[in-house]
Amino acid sequence: IKMNPLTQVRNQQKANAQEARLGVGEDASWHARFKHSAYVFFGGISFDLTEGDLLAIFSQYGEIVDVDLIRDKTLGKSRGYGFLAYEDQRSTTLAVDNLNGAKIMGRVMRVEHVDNYKRKKEELDEDDKDR
């Protein structure tokens, strides 16, 4: 079942509030399911935001090591979503809890954990050249 993105935001915020109210520890939190991944998905952002803007927004919660703002292949314009990696995985929890549902440039942003991020083929090819 595909859920409306704003409904997902509200449900996640309710889950966070309930965990805080109950005093749920880090290991028992729903976030623990993603402790192997330092990537987050972001969506619903303004097409005018750049990688630099995203660094300014997301770096409040930790050091960023990768930003993949998805762009239209022919025009090069942002498609309003992407992926971002933190150096420390615990920063993903802070970003998800604090930025999911935040209003930036008049748009409600979604920020979610990424279970299994796959790097782009070009990035993998570049890593092979560096070795």
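In short, a report on the structure. Since this is a predicted model, take the numbers as computed values, not measurements.

**Side note on the pattern of salt bridges**
Item 1. Scanning all chains against the criterion turns up three salt bridges.
Item 2. The residue glutamate 51 makes a salt bridge to arginine 71 at a minimum N-O spacing of 2.9 Å. Taken together, the positions of glutamate 51 in helix H2 (residues 51-58) and arginine 71 in strand S2 (residues 64-71) put the pair 20 residues apart, joining distant regions of the chain.
Item 3. Note on glutamate 51: relative accessible area 29%, which makes it partly exposed.
Item 4. Of the charged contacts, one joins arginine 110 and glutamate 112 as a salt bridge, the two residues approaching to 2.8 Å between their closest N and O atoms.
Item 5. Judged by relative accessible area, arginine 110 falls into the buried class, the value being 19%.

**Some points on the packing of aromatic side chains**
Each aromatic ring pair is specified by the distance between its two centres and by the angle formed by the two planes.
Item 1. If you walk through the whole model with that rule in mind, you get five aromatic pairs.
Item 2. Arranged with centres 5.7 Å apart and planes meeting at 65 degrees, the rings of phenylalanine 41 and phenylalanine 83 form a pair that is edge-to-face. A residue pair is termed long-range when its members are at least 10 positions apart, and phenylalanine 41 in strand S1 (residues 39-43) and phenylalanine 83 in strand S3 (residues 78-86) qualify at 42 residues. Each member of the pair, phenylalanine 41 together with phenylalanine 83, is buried.
Item 3. Each ring, one from phenylalanine 83 and one from tyrosine 117, has its centre 5.2 Å from the other, and the planes form 50 degrees; the classification is tilted. With phenylalanine 83 in strand S3 and tyrosine 117 in the loop between strand S6 (110-113) and helix H4 (121-130), this residue pair connects regions lying 34 residues apart in the sequence. Judged on exposure class, the residue phenylalanine 83 and its partner tyrosine 117 are both buried.
Item 4. A network of ring pairs unites the aromatic residues Tyr39, Phe41, Tyr81, Phe83 and Tyr117 as a single cluster.
Item 5. Over the ring of phenylalanine 47 we find arginine 107, and its NZ or CZ is 5.7 Å from the ring centre.

Cut-offs applied
Residues numbered from 1 in each chain as written. Predicted model: local features only at pLDDT ≥ 70, side-chain atom pairs only at ≥ 80, totals over all residues. Heavy atoms only, no water. Salt bridge = Lys/Arg side-chain N within 4 Å of Asp/Glu carboxyl O. Helix = DSSP H or I, 4+ residues; strand = E, 2+ residues; numbered from the N terminus. Buried < 20%, exposed > 50% of the residue type's maximum accessible area, 1.4 Å probe, protein only. Phe/Tyr/Trp six-rings, centres within 6.5 Å; stacked < 30°, edge-to-face > 60°. Lys NZ or Arg CZ within 6 Å of the ring centre and 35° of its normal.

Keep in mind these numbers describe shape, not what the thing actually does.
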